[in-house]
Amino acid sequence: MALTINNLSKQFAGFAALNDISFSVKEGEFIALLGPSGSGKTTLLRMLAGLDYPDKGTIDFKGQNYLSLPVKERKIGMVFQSYALFRHMTVAKNIAFGLEMRGKNKPKREEINETITRLLKLVQLEGFEKRYPAQLSGGQRQRVALARALAINPSLLLLDEPFGALDAMVRKELRRWLRHIHDETGLTTIFVTHDQEEALDLADRIVLLEGGKIAQYDTADKIINHPKSEFVFDFVGSGNAADADIKGEIASINGCEFPVVNLTNFSGRQKVKFRNYDALISNEEKGIKAQLTGIFASTGFLRFEAIDNGGHHLEIIIPERNFDHSLKVGDRVGILPQKAYLF
Amino acid sequence: MPAEISSQDGFIAPKAFRRTRVIPGFTMSLGITIFFVSVIVIIPLLALLMRPWENGFSGFIDTLFDKRVFAALKISFLCSLLAALVNLFVGVLIAWVLVRYDFPGKKLVDAFIDMPFALPTAVSGIALSAIYAPNGWIGGFFDDFGIKIAYSPIGIFIALVFIGLPFIVRSVQPVLSELEAEVEEAAETLGASPLQTFNHVILPAIMPALLSGFSLAFARGMGEYGSVIFIAGNIPYVSEIAPLLIVVKLEEYDYAGAASVGIGMLMISFAILFALNLTQRYFAKKGL
Amino acid sequence: MRRKSAKSPQNIADYTLILFAFFWMALIIFLPLASVLFNAFKGGVSKYLETFADPDAMDALKLTLLVTAIVLPLNIVFGIASAWAITRFEFVGKTILLSIIDLPFSLSPVISGLVWVLMFGAQGWFGEFLQAHDIDVIYALPGIVLATLLVTLPFVARELIPLMDDNGTDEEVAAVTLGASGWDVFFRITLPNIKWALLYGVLLCMARAMGEFGAVSVVSGHIRGLTNTLPLHIEVAYNEYNTIGAFGAATILVGLAFVTLAIKTILEWRYADELSAQHRH
């Protein structure tokens, strides 16, 4: 294990920002710290960087007690949410800064120039050496910030909401590119995000935080398909709730039977949750009886809104090619879950 | 900072662990700051606050209500108030002209607004005095009608109008230029006359800035010395300002009396500042 | 400014307003300036130049420059230290500290002089002690320096605090993660970002230090050739009906005021982004 975090806790004015956090990261892994605002993800990242300190707990990085090291000795590459580029320095000077700060161990001029050229090529900004941050677009600034962080040859790369300030198009593009850079450098990388899609798409493993506690630490697949709590289920996608009769691994609603994934030994009537894409719509009187209140077209699929007899709203999405074109708003339908979760 | 460093799990709290501040220099910068502030501001002001009570509280009251001191405080108060009021109107007008119109010489006028800040008060003092003295350019004209400007409260008032102008202009100007022209245009399309627009749209928006500019100009006027003493003539009971009385008392080695006058001036200034602050809060509550 | 709302004057009302502004500026600002020049040159150029041959005037100028040279570096140190402490850290009593730093702005200059007499004057707190050890503070250079320091204390800090608040700490924290030491952070990251605001504050501080009258007047004792600063020399000359001498010396300070305003205006036009928001108009 490259990084081991044990029992990390931190109180802010009486409220627990982090509550007994423990997890470990393998060398070269790409980890996302995911959670809603206030979940403690940024506090955790800042502790790794040495910008914040816990009240309790340990951070161990390759056998070193990280908490005993001040920021400058941790050799961390940090990319700030605002990028924090030095506005009065050119791109080249920004990237060289960390190397210039080494005092006696400062590399030779040619070495520094070589590093600048190499990194600008890596982040695809060749020819931008003499530009100032104010002359760059948001995406370009982000890449300079990354190059600057990589210049000190860090042992750990930390990114705080790396795509937070960018528009949707640039975001997607940079996301792929960041993954590419990670694979190329093999750096252990940890990034903070509140966007579950980003985390699921990019990271090897995701630390999903809720109110300062780890809700789940798993791969994207596990988090999507085997959520450990209702919070995890709700945070990573939309879902619906319904009451079902449960017997062993099978649940049934009004003649519609479907498996319960994270089965317990529970038996009886209980609320289950199912994904909006894990259901079918039929015009038979089966499953959850509901009335369609809206049909919305999107690229490749259709979204249905319905309301059940108890007044609860339901949302189902179905690929367009499977759509039964006879359905219309106002119809009474039966909604048939295909798979559900019990928490 | 954590109140207690736990040593569980064999964890030994290192020095760096206790230093939760990332940016260096806290102790040094705060140390220098507190040293300067204490030596230059706090201790000397304590010396002022503790001095008047030498002859008991009644000594303090007697000094303030001594006829000459009371007259000086009254003159300072009234002239400052009046000058600040005049500047209120003229200052808004000039700020308005500078923000809303383009005309040749605008940048020059804008730069010269700060002249009373930049010009040493002794220079403004002798210059104003030379103009308004009975043999001066303007003073001579009024002297023919038997009106004395210099060596009378009118002279004090004029010096305070000079000194107070930039306070109002510089408070109002940025607020006016931030005010979107569209708001005014919206008022116009809703049928408001220019005067109504000013009263109902512009005035409320600049009110907080106006009040703070007014209080600054007033406080400056209460304490102003250099630009006033030359033109005032310093005739006791007529054109003697409060700050001058401090100098007079000091010359008589009446330290307690000088400190009493000083505290009297501060009390008037702070009372006005406090009253205006309350007014400002009232406006702030209304979301202005 | 979101939108340029200034327009050319169009009707009588517009012109009246502008003309009134010009009239008022002429009356209140330009006329006194003209009067200084007029009175200084009343006896011709040669008489004017004689003021600069007056040893009292030259001693006064030298003392003024000396006081400014002592006060300025101290104010720069205080301004930077206080802005650093206030904008870079959270601590108890910050709001109070801020109001104390602002306090000298609302003090009468005479009070700013008085407090030093109450401390170090013959009957002041430390009066006896100083007399016993033959140390002069009041009616001497230290008193003048202290009074000037009190009057000018907020100038540099007031320029730096809002700007450094605006700039935030991200760049400095980033520099620390890249291995920069405290002084590196200050000289390579912070200082380049605040240099124009610092110059602006220094300029205002210098102008005030050289022109301060009330506070210095109280502590100086008006000893000719020894404790008269330039503004005090002007007072003495004026009271002795040496009009040309008074206004001649005043032209030096008027020149200083012009230079101050010119540099200030240039800074506001050219480096608006690098000054605190209050000067961006």
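Remember, predicted model here, so these are calculated numbers, not experimental data.

1. Here we look at the overall build of chain B
Broken down by element type, chain B carries 14 helices and zero strands. In chain B, the succession of helices and strands from N to C terminus is α-α-α-α-α-α-α-α-α-α-α-α-α-α. Taken over the C-alpha trace, chain B has a radius of gyration of 25 Å; the compact-globule value for 288 residues is 19 Å, which it surpasses by more than 25%. Taking the principal axes of the C-alpha coordinates as reference, chain B spans close to 95 × 65 × 35 Å.

2. With respect to the interface of chain A and chain C
By a widespread convention, an interface's size corresponds to the accessible area lost as its parts come together. Counting residues at the interface gives 19 residues for chain A and 17 residues for chain C. In total, about 1700 Å² of surface goes out of reach between chain A and chain C, with carbon and sulfur atoms giving 64% of it. For the chain A face of the interface with chain C, the top three residues by lost area are K72, R87 and M101 of chain A, together amounting to 33%. Scanning the region where chain A abuts chain C turns up one salt bridge. Of the charged contacts, one joins R87 of chain A and E171 of chain C as a salt bridge, the two residues approaching to 2.7 Å between their closest N and O atoms.

3. Digging into the pattern of salt bridges
On inspection of all chains with the given rule, the structure shows 34 salt bridges over all chains. One salt bridge in this structure joins R51 of chain B and E54 of chain B, with 2.9 Å as the shortest N-O distance. The shortest N-O distance in the salt bridge between D114 of chain B and R170 of chain B comes to 3.1 Å. With a gap of 56 residues between them, D114 of chain B in the loop between α5 (106–112) and α6 (115–118) and R170 of chain B in helix α9 (residues 153–178) connect regions that are remote in the sequence. Neither D114 of chain B nor R170 of chain B differs from the other in exposure class; each is buried. Where salt bridges share partners, they join D110, D114 and R170 of chain B together with K264 and E268 of chain C into one cluster.

4. So, the domain arrangement of chain C
All names here are of chain C. Entries for chain C in the domain assignment read domain 1 (8–40) and domain 2 (43–279). Domain 1 and domain 2 are separated by 31 Å when their C-alpha centres are compared. At the junction of the two partners, domain 1 supplies six residues and domain 2 supplies nine residues. A combined buried area of about 580 Å² lies between domain 1 and domain 2, and 78% of that area is made up of carbon and sulfur atoms. A per-residue breakdown of the area domain 1 buries against domain 2 is headed by V36, N39 and A40, which together make up 77% of the total. Summed over the shared surface of domain 1 and domain 2, the result is zero salt bridges. At the boundary of domain 1 and domain 2, one finds zero residue pairs in polar contact (both at pLDDT 80 or more). Across the side of domain 1 that touches domain 2, the residue classes break down as four nonpolar, two polar and no charged.

5. Structural notes on the packing of aromatic side chains
Within this structure, the stated rule accounts for 41 aromatic pairs over all chains. Taking 5.4 Å as the distance between ring centres and 25° as the angle between the ring planes, the aromatic pair formed by F65 of chain B and F70 of chain B counts as stacked. Judged by its relative accessible area of 53%, F65 of chain B falls in the exposed class. F70 of chain B gets classed as partly exposed once you look at its relative accessible area, which sits at 40%. Summarising the aromatic geometry, the rings of F141 of chain B and F142 of chain B are spaced 5.4 Å apart at their centres and angled 85° between planes, so their arrangement reads as edge-to-face. Classification of F142 of chain B as partly exposed rests on a relative accessible area of 29%. Members of the aromatic cluster, connected to one another through ring pairs, are Y225 and F230 of chain B together with F213, Y238 and F247 of chain C. Against the face of F86 of chain A rests R148 of chain A, its NZ or CZ located 4.5 Å from the ring centre. Residue placement shows R275 of chain A over the ring face of F233 of chain A; its charged tip is 3.9 Å from the ring centre.

6. Quick word on the confidence of the model for chain C
Averaged over every residue, the pLDDT of chain C is 90; residues scoring 70 or more account for 96%. As scored by the predictor, the complex reaches a pTM of 0.85 and an ipTM of 0.90.

7. Topic: the sheet that holds strand β4 (residues 56–61) of chain A
One open sheet holds the four strands; their spatial order is β2-β1-β4-β5 (chain A), and the pairing between them is antiparallel. The open sheet has two edge strands with one neighbour each: β2 (15–25) and β5 (64–65) of chain A.

8. Notes on the interface of chain C and chain B
On the side of chain B, 88 residues touch chain C, which itself brings 93 residues to the contact. Around 8300 Å² of area is buried between chain C and chain B when both sides are counted, 80% of it from carbon and sulfur atoms. Viewed at the interface, chain B and chain C are joined by one salt bridge. Scanning the region where chain C abuts chain B turns up 11 residue pairs in polar contact (both at pLDDT 80 or more). Split into classes, the residues belonging to the side of chain C that touches chain B amount to 66 nonpolar, 17 polar and 10 charged.

9. Remarks on the nonpolar core
L48 and I94 of chain B together with W116 of chain C are the most contacted members of the largest nonpolar core, which has 227 residues in total. Per-element accounting of this core gives the leading share, 16 residues, to helix α4 (residues 67–100) of chain B. When sequence neighbours within four positions are dropped, the list of residues in contact with W116 of chain C reads V39, I40 and P44 of chain B together with G121, I138, L146, A147, L150 and V219 of chain C. Ranked by size, the runner-up nonpolar core spans 49 residues in total, among them A96, V144, L178 and A199 of chain A.

10. Considerations on a nonpolar patch on the surface
On the surface, a nonpolar cluster with roughly 800 Å² of combined accessible area is contributed by I42, I43, L46, L49 and M50 of chain B together with W125, F126, F129 and I135 of chain C. Relative to the helices and strands, F129 of chain C is located in helix α6 (residues 127–132). Assessed through its relative accessible area of 48%, F129 of chain C is described here as partly exposed.

11. Concerning unusual backbone geometry
All names here are of chain A. The phi dihedral of Y83 falls on the positive side, at around 75°, and the residue is not glycine. Relative to the helices and strands, Y83 is located in the loop between β6 (76–79) and α2 (91–100). Positive phi values are uncommon outside glycine, yet N153 reaches one of about 55°. Secondary-structure assignment places N153 in the loop between α4 (138–151) and β7 (156–160). Taking the relative accessible area as the measure of exposure, N153 reaches 55% and is therefore exposed.

12. Section: the packing of helix α2 (residues 26–50) of chain B against helix α5 (residues 109–120) of chain C
Angle between the axes and distance between the axes: these two values describe a pair of packed helices. Where α2 of chain B meets α5 of chain C, the axes come as close as 8 Å, and the angle between the chain directions of the two elements is 75°. Considered as vectors, α2 of chain B and α5 of chain C are oriented roughly perpendicular to each other. Packed against α2 of chain B, whose contacting residues are V39, I40, I43, P44, L45, A47 and L48 of chain B, the element α5 of chain C presents I111, L114, V115, W116, L118 and M119 of chain C at the interface. Taken together, the residues of the contact of α2 of chain B with α5 of chain C break down into 13 nonpolar, no polar and no charged.

13. What to know about helix α3 (residues 56–64) of chain B
The periodicity of an α-helix, 3.6 residues per turn, causes residues three or four positions apart to be oriented the same way. Residue and element names in this part refer to chain B. Every buried residue of α3 is accounted for by G59, F60, T63 and L64. End-on, the buried residues of α3 take up no more than an arc of 130°, which puts them together on one face. The outward face of α3, more than 90 degrees from its buried face, is lined by the exposed residues F57 and D62. Lining the buried residues of α3 we find α4, α13 (242–251) and α14 (255–285).

Reading the values: the criteria
Residues numbered from 1 in each chain as written. Chains lettered and ligands numbered in written order. Predicted model: local features only at pLDDT ≥ 70, side-chain atom pairs only at ≥ 80, totals over all residues. Heavy atoms only, no water. Helix = DSSP H or I, 4+ residues; strand = E, 2+ residues; numbered from the N terminus. Rg over C-alpha atoms; globule rule 2.2 N^0.38 Å. Contact = heavy atoms within 4.5 Å. Buried area = accessible area lost by both parts, 1.4 Å probe. Salt bridge = Lys/Arg side-chain N within 4 Å of Asp/Glu carboxyl O. Buried < 20%, exposed > 50% of the residue type's maximum accessible area, 1.4 Å probe, protein only. Domains from an automatic or database assignment. Polar contact = N/O pair within 3.5 Å; in protein donor to acceptor, adjacent residues only side chain to side chain. Nonpolar A, V, L, I, M, F, W, Y, C, P; charged D, E, K, R; others polar. Phe/Tyr/Trp six-rings, centres within 6.5 Å; stacked < 30°, edge-to-face > 60°. Lys NZ or Arg CZ within 6 Å of the ring centre and 35° of its normal. pLDDT = per-residue confidence, 0-100. Pairing = 2+ DSSP bridges. Core = buried A, V, L, I, M, F, W, Y, C linked by side-chain atoms within 4.5 Å. Patch = residues over 30% accessible without salt bridge, like charges linked within 9 Å, V, L, I, M, F, W, Y side chains within 5 Å. Areas by Shrake-Rupley, 256 points an atom, 1.4 Å probe, with all protein chains shown as cover. Axes fitted to C-alpha atoms, helices over the stretch in contact; angles between N-to-C directions. Parallel < 35°, antiparallel > 145°, perpendicular 65-115°, else oblique. Arc of directions from axis to C-beta.

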